[in-house]
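Descriptive structure summary
Here are the chains, one letter per residue:
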Amino acid sequence: MENITGKVVAITGASSGIGEATALLLAERGATVVLGARRAARLEALAERITATGGQVAYIPTDVTQRADVANLVQLALDQYGQLDVLVNNAGIGLISALDDLRVEDWEQMIDVNLKGTLYGIAAALPIFRRQGFGQFVNVVSTAGLKVVPLQSVYAGTKNAVRTISEGLRQEAGAKLRVTLISPGFIHTDFAEAMTNPEVKAQILSTRDQLAISPEAIARAIVFAIEQPADVDVNEVVVRPTAQG
Ligand code: NAI
C-alpha cells in the first residue's frame with residue numbers, strides 16, 4: 001500500500017524508543033515526520049539520520065506537559081508542510097511502584113505526561129483535522145491497561161483513561177477522522193530509566209532483558225494503522241512478546 005508516502009506525521013516523545021523507531025520507519029516509507037521531544041540534541045541527531053537517507057523531517061523541542069509546546073509541534077507541521085495527517089501521541093512515562101510507597105509526585109507526573117499530554121495533543125490537532133476534513137490520532141497506551149497487575153495501578157490508570165477518551169473521541173470523530181490505540185507489551189527501550197523505586201526498576205529491567213521485543217515491532221503496527229485506506233480505521237492493535245504472560 002502506498003498510503004504512507006507524502007503523509008505528514010507528528011510524533012511526541014520521538015527522541016528514543018518507540019517514538020524514534022516509528023519516526024525512522026515512517027520516514028523510510030516516505031512520510032514526512034515532525035518530531036517533538038524534550039531532548040533537542042537527540043532530536044537533532046535523529047533528524048540528521050533521517051535527512052541523510054533522503055527523508056523529510058522537521059523537529060521542535062516539546063514537553064507534552066506544556067500545552068503550548070504541543071500546539072507548537074502541530075503548528076510546525078502546518079507551517080512547514082501545509083497539513084497534518086497523523087498525530088502520534090507517544091510520549092509516556094511509567095514510574096511504577098506500590099501505592100503504599102505514596103510516590104505522589106510520580107503519580108502526578110504520569111497524569112501530566114500520559115493523560116494530560118495526550119489531551120493536549122487532541123486539543124492541538126482536532127481543530128486542524130476538522131478543518132482539513134481528514135486526520136488520524138495514534139495514541140500509544142499499554143498492555144498494562146489490559147491486564148492490570150500490582151505496582152502498575154496509576155500507570156495503568158493513566159493509560160486506561162487515554163483508552164476511554166480515545167473511544168469517546170472515535171465515536172465523536174465522525175466519518176472523516178481516524179482514531180487508533182496501540183497497546184505495546186514489554187518493549188526494549190529506555191522506559192524503565194526514569195523509575196524512582198530502585199527495586200522495582202531492577203526487577204523491570206531484568207524482565208525487560210529476558211523477554212522484551214524491539215521497538216520496531218510497535219513502529220510496524222503504527223505504520224499498518226496509518227497505511228490503511230482513508231475509510232479503514234484500525235481501532236486497536238495489541239503487540240506483546242510471545243513470552244509475555
Ligand atoms: P522511552 O522512555 O524510550 O520513550 C518515551 C519518550 O517519551 C522519551 O523520548 C521521553 O523523553 C518522552 N517523554 C517523557 N516525558 C515527556 C514529556 N514531558 N514531554 C515530551 N516527551 C516526554 O520509552 P518507550 O518505551 O519508547 O515509551 C513510548 C510509549 O510507549 C510510552 O507512552 C509508554 O508508556 C509506552 N509503552 C512502553 C512499553 C515498554 O515496555 N517500553 C510498554 C507499553 C507502553
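The model shown is predicted, which means the values in this text are computed figures rather than measured ones. (Residues numbered from 1 in each chain as written. Predicted model: local features only at pLDDT ≥ 70, side-chain atom pairs only at ≥ 80, totals over all residues. Heavy atoms only, no water.)

Further remarks concern the overall build of the chain. The secondary structure content of the chain amounts to seven helices and seven strands. The N-to-C order of helical and strand elements in the chain reads β-α-β-α-β-α-β-α-β-α-β-α-α-β. For the C-alpha atoms alone, the extent of the chain along its principal axes is close to 50 × 40 × 35 Å. Expressed as a percentage of the 245 residues in the chain, the buried residues total 50%. Sequence-distant contacts, at least 24 apart, represent 71% of the contacts inside the chain between residues at least 6 apart. A total accessible area of about 11,000 Å² is found for the chain, and carbon and sulfur atoms account for 52% of it. (Helix = DSSP H or I, 4+ residues; strand = E, 2+ residues; numbered from the N terminus. Buried < 20%, exposed > 50% of the residue type's maximum accessible area, 1.4 Å probe, protein only. Contact = heavy atoms within 4.5 Å. Areas by Shrake-Rupley, 256 points an atom, 1.4 Å probe, with all protein chains shown as cover.)

Tracing the backbone shows Thr189 in the loop between strand 6 (177-184) and helix 6 (198-211). Assessed through its relative accessible area of 12%, Thr189 is described here as buried.

Another aspect to go through is the site of the ligand. With respect to spatial proximity, 28 residues lie near the ligand, and among them Ile18, Val64, Asn90, Tyr155 and Thr189 are the closest. Within the contact set of the ligand, an oxygen atom lies 2.7 Å away from a side-chain nitrogen or oxygen of Thr189. Contact with the protein chains removes 95% of the 810 Å² of surface that the ligand exposes when unbound. Residues of the shell around the ligand, tallied by class, amount to twelve nonpolar, eleven polar and five charged. (Near = heavy atom within 4 Å. Polar contact = N/O pair within 3.5 Å; in protein donor to acceptor, adjacent residues only side chain to side chain. Nonpolar A, V, L, I, M, F, W, Y, C, P; charged D, E, K, R; others polar.)

With five of five residues buried, strand 1 (residues 8-12) is to be regarded as a mostly interior element. On strand 1, burial covers both faces: Val8, Ala10 and Thr12 on one face and Val9 and Ile11 on the other are all buried. As judged from the five bridges shared by strand 1 and strand 2 (residues 32-37), these two strands associate in the parallel manner. Bridging from a neighbouring strand, Thr12 pairs with Gly36 of strand 2. (Pairing = 2+ DSSP bridges.)

Another aspect to go through is the packing of helix 1 (residues 17-28) against helix 7 (residues 216-227). Their axes nearest at 8 Å, the elements helix 1 and helix 7 cross at an angle of 50°. With respect to helix 7, the axis of helix 1 lies oblique. For the crossing formed where helix 1 meets helix 7, the hand is right-handed. Of the residues in helix 7, those in contact with Ile18, Ala21, Thr22, Leu25 and Leu26 of helix 1 are Glu216, Ile218, Ala219, Arg220, Ile222, Val223 and Ile226. Looking at the contact of helix 1 with helix 7 residue by residue, the classes come out as nine nonpolar, one polar and two charged. (Axes fitted to C-alpha atoms, helices over the stretch in contact; angles between N-to-C directions. Parallel < 35°, antiparallel > 145°, perpendicular 65-115°, else oblique. Left-handed = near helix turned anticlockwise from the far one by under 90°.)

So, about the sheet that holds strand 1. If you trace the seven strands from one edge of the open sheet to the other, you get 3-2-1-4-5-6-7, paired in parallel fashion. Edge positions in the sheet fall to strand 3 (56-61) and strand 7 (236-239), since each has one partner strand and no second. With direction set aside, neighbouring strand axes in the sheet form an average angle of 15°. Contacting strand 1, strand 2 and strand 6, helix 1 runs over the sheet at an angle of about 165° to strand 1. This element, helix 5 (residues 153-173), spans strand 5 (135-140), strand 6 and strand 7 of the sheet and lies at about 160° to strand 6.

What follows concerns the packing of aromatic side chains. What the rule picks out here adds up to two aromatic pairs. Between Phe129 and Phe137 the ring centres are 4.9 Å apart and the planes differ by 65°, which places this aromatic pair in the edge-to-face class. Taken individually, Phe129 and Phe137 each receive the classification buried, so the pair is uniform in this respect. A ring pair is formed by Tyr155 and Phe191, whose centres lie 5.6 Å apart and whose planes are at 55°; its orientation type is tilted. With Tyr155 in helix 5 and Phe191 in the loop between strand 6 and helix 6, this pair connects stretches of sequence that are 36 residues apart. (Phe/Tyr/Trp six-rings, centres within 6.5 Å; stacked < 30°, edge-to-face > 60°.)

Moving on to the UniProt feature "domain: Ketoreductase" (unreviewed entry) in the chain. Within this numbering scheme, the UniProt entry marks residues 7-190 as carrying the feature "domain: Ketoreductase" (unreviewed entry). The annotated region residues 7-190 carries 49% helix and 19% strand content, and the separation between its end C-alpha atoms amounts to 28 Å. (UniProt positions renumbered as here; feature names shortened; annotations may be inferred.)

With that settled, consider the pattern of salt bridges. For the structure on display, the rule yields eight salt bridges. One salt bridge connects Asp112 with Lys116, and the closest N-O pair in it is separated by 3.8 Å. A residue pair is termed a helical-turn pair when its members lie 3 or 4 positions apart in one helix, as Asp112 and Lys116 do in helix 4 (residues 104-132) at four residues. A salt bridge links Arg208 to Asp209, with the nearest nitrogen and oxygen atoms 3.1 Å apart. (Salt bridge = Lys/Arg side-chain N within 4 Å of Asp/Glu carboxyl O.)

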